[in-house]
Amino acid sequence: MKELYCLNDMKPGQTARIAELPSAKDIRRRLQDLGLIRHTLVQCVGKSPSGDPAAFLIRGAVIAIRAADGKEIQIER
């Protein structure tokens, strides 16, 4: 069984796959609209100096995701 981490644990340059999204309907739907669905590859391309938000390459687009949302997204490295 693979170990799961949260999206916030990624460092710039790392790539991972989405394992699980938050169960809250509103945030889950918004993330899915951005292209975040299970098994999607994501790459952390940078973080702001404070670490919030972080930028991720998702299906060819760079998306900024807040730490509050990123802690709810589970990844497989």
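Higher on the page you've got the structure.
This write-up is about the structure you can find in this document. (Residues numbered from 1 in each chain as written. Predicted model: local features only at pLDDT ≥ 70, side-chain atom pairs only at ≥ 80, totals over all residues. Heavy atoms only, no water.)

## Topic: the environment of Ala-19
Examined against the element boundaries, Ala-19 turns out to sit in strand β2 (residues 15-20). By relative accessible area, Ala-19 is classed as buried at 6%. If near-sequence neighbours (up to four positions away) are discounted, Ala-19 is found in contact with Leu-4, Arg-38, Gln-74, Ile-75 and Glu-76. (Helix = DSSP H or I, 4+ residues; strand = E, 2+ residues; numbered from the N terminus. Buried < 20%, exposed > 50% of the residue type's maximum accessible area, 1.4 Å probe, protein only. Contact = heavy atoms within 4.5 Å.)

## Here's the deal with the pairing of strand β3 (residues 41-47)
Taken together, the three bridges between β2 and β3 define a ladder with antiparallel strand orientation. When the sheet's bridge partners are listed, Thr-15 is paired in β3 with Gln-43. Sheet analysis places β3 next to strand β4 (residues 54-58), joined by five bridges and oriented antiparallel. Counted as the bridge partner of Val-42 is Ile-58 from β4. Between β3 and β4, which pair antiparallel in sequence order, lie six residues; one of them, Gly-51, sits at a positive phi of approximately 90 degrees. (Pairing = 2+ DSSP bridges.)

## Observations concerning the pattern of salt bridges
When charged atoms on two side chains of opposite charge get close, those side chains can pair. For the structure on display, the rule yields four salt bridges. For Asp-33, the salt bridge goes to Arg-29, with nearest N and O atoms at 3.3 Å. Of the two residues, Asp-33 and Arg-29 are both situated in helix α1 (residues 25-33); the distance of four residues between them amounts to about one turn of the helix. In this structure, Asp-33 and Arg-29 share a single accessibility class: exposed. The salt bridge involving Asp-69 is made with Arg-66; its shortest N-O contact spans 3.0 Å. Classification of Asp-69 as buried rests on a relative accessible area of 9%. Among the residues examined, Arg-66 registers a relative accessible area of 49% and is labelled partly exposed. Here the salt bridges share partners, and the residues they tie into one network are Arg-30, Arg-66 and Asp-69. (Salt bridge = Lys/Arg side-chain N within 4 Å of Asp/Glu carboxyl O.)

## What to know about the sheet that holds β4
Strand pairing in a sheet relies on backbone hydrogen bonds. The paired strands run either parallel or antiparallel. Spatial ordering of the open sheet is given by β1-β6-β2-β3-β4-β5, a layout of six strands whose pairing is antiparallel. Taken across any chain shown, the strands that pair with only one partner, and hence form the sheet edges, are β1 (4-6) and β5 (61-65). Averaged over all pairs of adjacent strands, the angle between their axes in this sheet comes to 45 degrees, without regard to strand direction. Note: β2 against strand β6 (residues 74-76), three bridges, orientation antiparallel. When the bridges of β6 are listed, Arg-17 appears paired with Glu-76. (Axes fitted to C-alpha atoms, helices over the stretch in contact; angles between N-to-C directions.)

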